[in-house]
Amino acid sequence: MNDIIVAILRSGTPLIYVTMAGVVAQRAGIWNLGLEGLMIIGACAAIVGIVLTGSFALAMLIAIILCVLASVLLWFVIEKLKANPIIAGLGLTGLGLGGTSLAVQAIFGSQAAVTAPFGVPKLGPAFGPFGVLSIFVLAMPFAVFAMWVLLRRTRFGLRLAASGEHPFAARSVGANPSRMRLAALIIGGVLCAIGGAELAAGSLQIYAQNMTAGRGFMAFAAVIFGAAHPIGSAFAALFFSVVGALGIRAQLLFGDAVPHDLLLALPYIATVFGVWLSGKLRGGRKAATGFAELRDY
Amino acid sequence: MDNPALECRDVTVAYGSVMALSGVGIAFERGKIHAVVGQNGAGKTTFARVAAGLVRPAVGELRINGQQVKTGKVKDARAAGVELVHQSFALPPSFTVAEAMEFGSDRGAAIFTRSALQKRWAPHLKSLDVNVDPKRRVRDLPVETQQGIEIARALVADARVLILDEPTAVLSPSGIEMLFERVRKLRDRGVTVILILHKIREVLAIADTVSVLRGGRLVDGPVACAEIGAKRLAEMIVGPAVARTLASGDADAATGRGAPAAHTANHHTPADAGLVLDMRGVSTLSDAEGPALRDLSLTIKAGEIVGIAGVEGNGQRTLVRAIADLVDATHGTLAVGGVDVTAAPLARRRAAGLRVIPFERNTEGLSLSSSLWENWSARELLQSRLLSAINPARLKKRCDEALQAWGVHYATTGQQAGSLSGGNAQKVILAREVDADAKLIIAAQPTRGLDIGATAFVWQSLREARDRGCGVLLISSDLDELFDISDRVVVMLSGEVAGTFSAPYRIGAVGAAMTGVSQ
């Protein structure tokens, strides 16, 4: 049983961090489809950073700086160049996936994967069977709670939500919706760096090309499934991870009877199901935020 | 007057090539109720937004209590005590009342709990007579309450100048009374109130002074209301050139001068005229656009204008959608021009004589990025067969003739519809929807946002259509408009018919039906 929980937490933690990044952007009125790109930048920067500097702290700093810069770029393209946020987000995903491959090639020569000598610090033997997990796993519930407080129980959160839902209302009380979105994307950049680092360096200590394998989009689906509520979306992400872990388990048990590819596809099938279900449950009412710009008269 | 509460000097605002305000200088005395009036497009809302820091003028100064304030900064204007309540309210619909109060506040703890928030704002709301549970969500509240909350939100800080942008436009007559009572109390507490209005009757009922804007310029003001008559004020609003061309009833209705009940029917529908609209017991499902229709029956005879009155959001949009096949009837029958169209698609309904001037001119009425001839031709292209060829040259020529007959100002039929002004755009829709084959014309807020000349033109066109034997269904939130041109007024409340009235109209009775109070 413990090993299933460990597997779920291992795959769920990166997803939840990135989901939180999506939640904060969604609340501010940006459908962030660049999560996939930000996540791979975080993953790549963490491993490459460890290899080059030999320090986990420095590697995390590099990952955070790069993810925040990429997020600021996204903000600039959306807010200043007035690009369509969906297209800009997809562009960022392309930039992340291509840019990381290019960077690894430039630094290490033609090499699809980079291995680091160590990864994110572990919890240690004090945590018994969970000692193999990284400190980011322990921090994850606190991060989710902190996001909930920030978004739902502070004036900053209210103004952020107003910027997404009704920018004119935000402007009327003296807030600057564009700047609120910048803040949201910067917070998201930090979270994506942590999520990406956890994916690559939490247990594996390896970066491989395209290793996010659609997890950024799955995180985005969790945002929609959870109606952009921090806790709801975190549970949605956890649900996808549970399905994934059970899929791997089922593969071990019934690998002969059921096609292996089908089991690997389970989390993605669960994602599609989850998004459909969330639409059903909300009775066709629009998600927490729509295309905000339309309301800024 | 030393240290006026609010003063603008030489304020000029341009949107593209349109001058919204040019060189407006105006000062408001402290502790009074000031009205700013003008027709649509006169620059009233722009003026309010400049004063509140939402719009930065190209040139000009803003002084609050004698202190110069940076223009275009909401924060600075709010810090100096200026608050603005918007025409269509600026509260995020998903917020609870307490959250809506908090997000506009600048004081108190940055982190809160729900119950602390509710405790914090309940007394403030109560002190302003806004009786609402702070746990409720903004989107579930009636407009009067939303407006009360918005006023309460504007007063969370130490507001010294409160600007209300067309606060009466969304209210029922009794709601307007309540608002005026609230405004007088605020004045007695020392708040300077600036009301943006467009009805002379309301100005004279509430304001101490009045200022008139026309075409972005200050005509006069502030002048004491006691010193100016309704007639003179109407002339200032309309302008001497237009005043001469208007029928007197229309001028009064457009400026809200005098009591609307004064209008009497000047038209008699023949008793034996056939029904062009016959709705019997129609019910629909509710949707995001408004409440469901519940067992609604409505008939319109040929040669009759029936007005639909009601506070916005009481099913008027659903009614139009039900007639135009945008929402299905779950019960009941619907006939247009004597043909049963209960289950018929829009094309069949239009073939039976249905024409629609929709609520939203720029999104439902016209495709702004398409050319004029394409917009105009939509009527007959909808009726032609799917694979029939289009002859642009012929359509352009006929469009040219039609638009000229309707007096549209345009350069070529190939120009985009989005390049026309509001009044001209509405004329293009009229040219398309008011044709010889029309039997039932739905006119949904046909004059919203138009200046007085264009408004009078729309009214005249609808009257002419009626005199030719069309039935007209006019939906409006403006009782003056309804009373001026309707042969009969039907009041809608929560998707049902709450009363039917005929001229001479009594505003009290219609208003009571709008709010569901039995007299």
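A brief report on the enclosed structure follows. Quick caveat: nothing in here was measured; it's all calculated off a predicted structure.

1. Comments concerning the packing of aromatic side chains
Consideration 1: Applying the stated criterion across every chain yields a total of twelve aromatic pairs over all chains.
Consideration 2: Where A:Phe225 meets A:Phe240, the ring centres are 6.0 Å apart and the plane angle is 25°; that geometry is what we call stacked. Here A:Phe240 lies in helix 10 (residues 230-254) and A:Phe225 lies in helix 9 (residues 215-225), a separation of 15 residues in the sequence.
Consideration 3: For A:Phe240, a relative accessible area of 1% translates into the label buried.
Consideration 4: Aromatic side chains A:Phe239 and A:Phe240 sit 5.8 Å apart centroid to centroid with 50° between the ring planes, which places their arrangement in the tilted category.
Consideration 5: In this structure an aromatic cluster arises from ring pairing among A:Tyr17, A:Phe56 and A:Phe136.
Consideration 6: One Lys or Arg, B:Arg317, reaches over the ring of B:Phe359 and ends 4.3 Å from the middle of that ring.
Consideration 7: Here B:Lys427 stacks its cationic end above the ring of B:Phe457, 4.5 Å away from the centre of that ring.

2. Describing the pattern of salt bridges
Side chains bearing opposite charge may pair, as long as their charged atoms lie close to each other.
Residue and element names in this part refer to chain B.
Consideration 1: Tallied over the entire structure, the rule returns 38 salt bridges over all chains.
Consideration 2: For Arg317, the salt bridge identified is with Glu360, shortest N-O distance 3.3 Å. On the criterion of sequence distance, the pair formed by Arg317 in helix 11 (residues 316-323) and Glu360 in the loop between strand 16 (354-357) and helix 13 (361-365) is long-range, its members being 43 residues apart.
Consideration 3: Taking the shortest distance from any N to any O, the salt bridge between Glu401 and Lys397 comes out at 3.5 Å. Residue Glu401 and its partner Lys397 are located together in helix 15 (residues 392-405), separated by four residues, close to a single helical turn.
Consideration 4: Note on Lys397: relative accessible area 56%, which makes it exposed.

3. Quick notes on the interface of chain B and chain A
Consideration 1: Opposite the 31 residues of chain B that make contact, chain A presents 21 residues.
Consideration 2: Per-residue buried area on chain B facing chain A is highest for B:Leu54, B:Phe103 and B:Phe112; these three make up 25% of the total on that side.
Consideration 3: Along the contact surface separating chain B from chain A lie two salt bridges.
Consideration 4: When the shortest N-O distance is used, the salt bridge between B:Asp106 and A:Arg159 registers 3.5 Å.
Consideration 5: Our enumeration of links across chain B and chain A arrives at eight residue pairs in polar contact (both at pLDDT 80 or more).
Consideration 6: Mapped onto the side of chain B that touches chain A, the elements with two or more residues apiece are helix 2 (74-79), helix 3 (97-103) and helix 4 (114-127) of chain B.
Consideration 7: Within the side of chain B that touches chain A, the residues separate by chemical class into 13 nonpolar, seven polar and eleven charged.

4. A short note on the packing of helix 10 of chain A against helix 12 (residues 266-281) of chain A
All names here are of chain A.
Consideration 1: In contact at an axis separation of 8 Å, helix 10 and helix 12 are set at 150° when each is read in the N-to-C sense. Between helix 10 and helix 12, the interaxial angle falls into the category roughly antiparallel. In the packing of helix 10 onto helix 12, the handedness of the crossing is right-handed. Note on element contacts: helix 12 touches helix 10 through Leu266, Pro267, Ala270 and Thr271, opposite Phe239, Phe240, Val243, Gly244 and Gly247.
Consideration 2: For the contact of helix 10 with helix 12, the per-class residue count stands at six nonpolar, three polar and no charged.

Scoring rules and cut-offs
- Residues numbered from 1 in each chain as written.
- Chains lettered and ligands numbered in written order.
- Predicted model: local features only at pLDDT ≥ 70, side-chain atom pairs only at ≥ 80, totals over all residues.
- Heavy atoms only, no water.
- Phe/Tyr/Trp six-rings, centres within 6.5 Å; stacked < 30°, edge-to-face > 60°.
- Helix = DSSP H or I, 4+ residues; strand = E, 2+ residues; numbered from the N terminus.
- Buried < 20%, exposed > 50% of the residue type's maximum accessible area, 1.4 Å probe, protein only.
- Lys NZ or Arg CZ within 6 Å of the ring centre and 35° of its normal.
- Salt bridge = Lys/Arg side-chain N within 4 Å of Asp/Glu carboxyl O.
- Contact = heavy atoms within 4.5 Å.
- Buried area = accessible area lost by both parts, 1.4 Å probe.
- Polar contact = N/O pair within 3.5 Å; in protein donor to acceptor, adjacent residues only side chain to side chain.
- Nonpolar A, V, L, I, M, F, W, Y, C, P; charged D, E, K, R; others polar.
- Axes fitted to C-alpha atoms, helices over the stretch in contact; angles between N-to-C directions.
- Parallel < 35°, antiparallel > 145°, perpendicular 65-115°, else oblique.
- Left-handed = near helix turned anticlockwise from the far one by under 90°.

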